[in-house]
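The residues making up each chain are set out below.
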Amino acid sequence: MKVSSHLWPGVPLALGSAALFGALAPLCKLLLDRFEPQMLAGALYLGAGIGLGLITLARRVAGAPAAEAPLRRGDAPWLAAIVLFGGVLGPLALMLGLNATDAANAALLLNLEGLATMAIAWLVFRENVDRRLLLGAAAILLGAVALSWRGRGVSLDAGAVLVAGACLCWGVDNNLTRKLSSADPATLAMIKGFFAGGVNLAAALLLGARLPGAADLAAAAVLGFVCVGASLVLFIRALRHLGTARTGAYFSLAPFIGAATALAAFNEAPSLQLLVAGGLMGVGVWLHLSERHEHVHQHAPLEHEHSHVHDAHHQHAHEHENGGEPHSHWHSHASLVHSHPHYPDLHHRHRH
């Protein structure tokens, strides 16, 4: 039976992405005594790229049917911009910023990524954002700030500017990634992993860092595949169902999930700070889950390719056997006027 709720599958995908990425920080603590930070970042992202590359290769060797749309030549400029902002400039600005400001300052400023993602989606790409979404996003961001608060304000030194610049780069990256969210997310994440990993690893080696042992590199690669690669695949899939602003808001839960993971891993008692942050984030998530955006809207004629099933928006015939659902092929949408709850997904990017 097909699930018709507008919450499915976008919300679970976004929350799953946040959960995997949130678990990354506490698990990385087990490796930091054997890695220089930038070297670890490179190993994590390369592990994501290698792992996703092996899965893609295995599927092709096994002759598995393609359920996702391929990247096309026209996607190259968007892909180059995604790699530049998300895989090169963002990590580089963060590492330079961390060297010029303290960890508490950086932890607070990293919350700007969610804010930048939502602001660019709303102001630049004109994604629909209503009062309920804004209130929910504000509650989630306040919870993230409460979680990273260390008893003093933000000091605006050169390092802080670089960390804020990294968040802006990732906000641009998240919005540009939405442009390619109809394509195979594993391929996108693989390319991003290779570039981000290569840049960070090369920079670390140039700065004098030494490679750790093979066992430590393998552990970092596996961790990167699960907590970076798989998280990014889920994030891209969520983008196609929820749009950028909502996916970014749910992803802002990652710091809280990371803190809760650390408590469970190290048998620590929850602090008042964590409980306050959890309460604020819980309110934000409830506001988002209870959002119901519904109105009569018109779908203009459209031709594109993406993974789909035959639902209300996909009523077309096939010249050949389609190999089951979901499947991917180039298809046309006729003009359609109807009303139902929806998010700004691949088929609902209309003006209000």
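Nothing here was measured: the structure is a model prediction, and the numbers come from that model. (Residues numbered from 1 in each chain as written. Predicted model: local features only at pLDDT ≥ 70, side-chain atom pairs only at ≥ 80, totals over all residues. Heavy atoms only, no water.)

Caption draft 1: Seen up close, the pattern of salt bridges. Taken as a whole and assessed by the stated rule, the structure comprises four salt bridges. A salt bridge links D173 to K192; the nearest nitrogen and oxygen atoms lie 2.4 Å apart. Here D173, found in helix α8 (residues 158-179), pairs with K192, found in helix α9 (residues 185-206); they are 19 residues apart in sequence, far enough to count as distant. Taken together, the shared-partner salt bridges in this structure form one network comprising D33, R34 and D216. (Salt bridge = Lys/Arg side-chain N within 4 Å of Asp/Glu carboxyl O. Helix = DSSP H or I, 4+ residues; strand = E, 2+ residues; numbered from the N terminus.)

Caption draft 2: Spatial organisation of a nonpolar patch on the surface. Side chains of W122, L123, V124, F125 and L134 sit close together on the surface and give an oily, nonpolar patch of about 460 Å² of accessible area. Along the polypeptide, F125 turns up in the loop between α6 (112-123) and α7 (131-148). (Patch = residues over 30% accessible without salt bridge, like charges linked within 9 Å, V, L, I, M, F, W, Y side chains within 5 Å. Areas by Shrake-Rupley, 256 points an atom, 1.4 Å probe, with all protein chains shown as cover.)

Caption draft 3: Region of the structure containing α9. Between the first and last C-alpha of α9 there are 31 Å, a value that for 22 residues agrees with the 32 Å anticipated at 1.5 Å per step. The N-terminus of α9 is capped by D184, whose side-chain oxygen sits 3.1 Å from the backbone nitrogen of A186. The positive-phi residue at the C-terminal boundary of α9 is G208, with phi of around 100°. (Expected span 1.5 Å × (residues − 1). Polar contact = N/O pair within 3.5 Å; in protein donor to acceptor, adjacent residues only side chain to side chain.)

Caption draft 4: Spotlight on the packing of aromatic side chains. Tallying each qualifying case throughout the model produces two aromatic pairs. Members of the aromatic cluster, joined through ring pairs, are F21, F235 and F251. Taking NZ or CZ as reference, R132 lies 5.1 Å from the ring centre of W286, over its face. (Phe/Tyr/Trp six-rings, centres within 6.5 Å; stacked < 30°, edge-to-face > 60°. Lys NZ or Arg CZ within 6 Å of the ring centre and 35° of its normal.)

Caption draft 5: Region of the structure containing the packing of α6 against helix α11 (residues 244-251). α11 packs onto α6 with a crossing angle of 170° between their chain directions and a minimal axis gap of 8 Å. With respect to their mutual orientation, α6 and α11 come out roughly antiparallel. Contact residues: T117, M118 and A121 in α6; T244, A245, G248 and A249 in α11. Residues of the contact of α6 with α11, tallied by class, amount to four nonpolar, three polar and no charged. (Axes fitted to C-alpha atoms, helices over the stretch in contact; angles between N-to-C directions. Parallel < 35°, antiparallel > 145°, perpendicular 65-115°, else oblique. Contact = heavy atoms within 4.5 Å. Nonpolar A, V, L, I, M, F, W, Y, C, P; charged D, E, K, R; others polar.)

Caption draft 6: A look at the side chain of S231. Its location among the elements puts S231 in helix α10 (residues 214-242). By relative accessible area, which is 2% here, S231 ends up buried. The residues contacting S231, other than those within four sequence positions of it, are S17, L20, F21, V226 and F251. (Buried < 20%, exposed > 50% of the residue type's maximum accessible area, 1.4 Å probe, protein only.)

Caption draft 7: Structural view of the packing of helix α4 (residues 76-98) against α8. Where α4 contacts α8, the axes come no closer than 8 Å and their chain directions differ by 160°. The angle between the axes of α4 and α8 places the two elements in the roughly antiparallel class. The way α4 lies across α8 gives a crossing that is left-handed. Taken together, the residues of the contact of α4 with α8 sort by class into 17 nonpolar, five polar and two charged. (Left-handed = near helix turned anticlockwise from the far one by under 90°.)

Caption draft 8: Looking closely at the confidence of the model for the chain. When pLDDT is averaged along the chain, the result is 82; 91% of the residues meet or exceed 70. For the chain, the element scoring lowest by mean pLDDT is strand β2 (residues 302-308), at 70; α10 scores highest, at 93. (pLDDT = per-residue confidence, 0-100.)

Caption draft 9: Focus on the environment of E303. The topology assignment puts E303 in strand β2. Each C-alpha atom of the pair E303 and F125 lies 21 Å from the other, and the pair is 178 residues apart in sequence.

Caption draft 10: Fine view of the state of the cysteines. Under the counting rule described, the total for this entry stands at zero disulfides. Not part of a disulfide, C227 finds its nearest cysteine sulfur in C28, a span of 7.6 Å. Overall, C227 belongs to the buried group, its relative accessible area being 4%. (Disulfide = S-S within 2.5 Å.)

Caption draft 11: Expanded view of unusual backbone geometry. A positive phi angle, close to 55°, is found at R126, a residue other than glycine. Structurally, R126 is set in the loop between α6 and α7.

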